[in-house]
Amino acid sequence: MRLAVAGGTGTVGRLVVEAARSRGHDVVVLSRAAGVDVTSGSRVDEALAGVDAVVDVTSTATRSAAASEAFFRSVTTALLDAGQRSGVGHHLVLSIVGAAQAPHGYYAGKALQEGLVTGGPVPWTLLRTTQFHEFARQVLGQARIGPVDLVPVMRSAPVAAAEVADRIVDLLEAGPAGRVRDLAGPEELRMVDMVRAYARATGRHGRVVAVPLPGGFGRALRDGTVLPGPDTDRGTQTFSTWLDRLG
Ligand SMILES: NC(=O)c1ccc[n+]([C@@H]2O[C@H](COP(=O)([O-])OP(=O)(O)OC[C@H]3O[C@@H](n4cnc5c(N)ncnc54)[C@H](OP(=O)(O)O)[C@@H]3O)[C@@H](O)[C@H]2O)c1
């Protein structure tokens, strides 16, 4: 198959590209580093020529609902419009467990993105997963006061991005399936413990302190909204195994 990975240079995107190529698929990467800014819409038609399926794993670093909505509206609309024009037969979007129930902050953009895809013109698959193990790295350093790193109070059941990437390629090979079973990791952890362990394992000094975020977004992180339900598939790699393998 010819596959397009929007966000194919990102945390999970590059693993999707690797997994798809190792299974013999022809892969085109859409990202600014690869010369395609999807928000501008330019070069997207060209990139999707002859593509059978698109997976959208783009992202933007923001906690602002307005900024998140603007980004995901622009990326999703550009990919769906160009996909329709190019005859793409499958659009797979990766979202987050709980994002539609907690449409605040960054999740507002993800909820909007889900709506655009599921109501859109291209046959679709919606996969929701929990935070990746790699999320600990993404969170560390985002908010700092002097030597202290601040991390939101958050419950999570983190999953290895490599297992998410494998699931994505399975789903691309299977064809449009609508909303599929969520994927989570094998255990529940506190985000502050994940970030502390990641900081220790990578030789960072300084304290990591958990702070409750205000508003609905913060509440969703604390109250289990972003934890998996009972009908969720579970990955096998634990956070500590992932940390050990970082070397
Ligand atoms: N991280 C998690 O724990 C997690 C958990 C569940 C679901 N998700 C979802 O999975 C997706 C991927 O997350 P991630 O953590 O892998 O993201 P990431 O590491 O931040 O990577 C984002 C990707 O998007 C690309 N991108 C950003 N702006 C772009 C633009 N204007 N045009 C084209 N490409 C653009 C980036 O490449 P360039 O900078 O080169 O453009 C990069 O390849 C997101 O939708 C996220 O909501 C993430």
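Residues numbered from 1 in each chain as written. Predicted model: local features only at pLDDT ≥ 70, side-chain atom pairs only at ≥ 80, totals over all residues. Heavy atoms only, no water.

**Brief notes about the environment of Ala-4**
Phase 1 of the analysis: Mapped onto the elements, Ala-4 comes out in strand 1 (residues 2–6).
Phase 2 of the analysis: Spatially, the C-alpha atoms of Ala-4 and Val-29 are 5.8 Å apart, while their sequence positions differ by 25 residues.
Phase 3 of the analysis: Leave out the neighbours within four places in its chain, and Ala-4 touches Val-28, Leu-30, Leu-48, Val-51, Ala-53, Val-54 and Val-55. (Helix = DSSP H or I, 4+ residues; strand = E, 2+ residues; numbered from the N terminus. Contact = heavy atoms within 4.5 Å.)

**Quick word on the pattern of salt bridges**
Phase 1 of the analysis: All told, the structure shown has 14 salt bridges when counted by the stated rule.
Phase 2 of the analysis: The shortest N-O distance in the salt bridge between Arg-190 and Asp-193 comes to 2.9 Å.
Phase 3 of the analysis: Looking at Arg-190, the relative accessible area reads 47%, which means it is partly exposed.
Phase 4 of the analysis: Through salt bridges with shared partners, a single ionic network connects Arg-23, Asp-166, Asp-170 and Glu-173. (Salt bridge = Lys/Arg side-chain N within 4 Å of Asp/Glu carboxyl O. Buried < 20%, exposed > 50% of the residue type's maximum accessible area, 1.4 Å probe, protein only.)

**Re the nonpolar core**
Phase 1 of the analysis: Core analysis: the biggest nonpolar cluster contains 46 residues, and Leu-30, Val-38, Val-44, Leu-48, Tyr-107 and Val-195 have the highest contact counts within it.
Phase 2 of the analysis: The contacts of Tyr-107, once residues within four sequence positions are left out, are Ile-96, Gly-98, Ala-99, Ala-102, Gln-131, Met-154, Phe-217, Leu-221 and Val-226.
Phase 3 of the analysis: In terms of nonpolar packing, the next biggest core, distinct from the first, is built from 26 residues, Val-12, Leu-127, Val-159 and Leu-183 among them. (Core = buried A, V, L, I, M, F, W, Y, C linked by side-chain atoms within 4.5 Å.)

**Some details on the packing of aromatic side chains**
Phase 1 of the analysis: This model, assessed by the stated rule, comprises 5 aromatic pairs.
Phase 2 of the analysis: Ring centres 6.2 Å apart and planes at 20° place the aromatic pair Tyr-198 and Trp-242 in the stacked group. Here Tyr-198, found in helix 7 (residues 191–201), pairs with Trp-242, found in helix 9 (residues 239–245); they are 44 residues apart in sequence, far enough to count as distant.
Phase 3 of the analysis: Tyr-198 sits in the buried class, given a relative accessible area of 7%.
Phase 4 of the analysis: Classification of Trp-242 as buried rests on a relative accessible area of 7%.
Phase 5 of the analysis: Ring geometry for Phe-239 and Trp-242: centres 5.5 Å apart, planes at 35°, overall tilted. Separated by 3 residues within a single helix, Phe-239 and Trp-242 lie in helix 9, roughly one turn from each other.
Phase 6 of the analysis: Here the aromatic residues Phe-71, Phe-72 and Tyr-106 are joined through ring pairs into a cluster of three or more. (Phe/Tyr/Trp six-rings, centres within 6.5 Å; stacked < 30°, edge-to-face > 60°.)

**Here's the deal with the side chain of Ser-156**
Phase 1 of the analysis: Counting through the fold element by element, Ser-156 comes out in strand 8 (residues 155–156).
Phase 2 of the analysis: At a separation of 2.7 Å, a polar atom in the side chain of Ser-156 contacts the side chain of Gln-131.
Phase 3 of the analysis: When residues no more than four places from it in sequence are discounted, the contact partners of Ser-156 are Gln-131, Glu-187, Glu-188, Leu-189, Met-191 and Leu-227. (Polar contact = N/O pair within 3.5 Å; in protein donor to acceptor, adjacent residues only side chain to side chain.)

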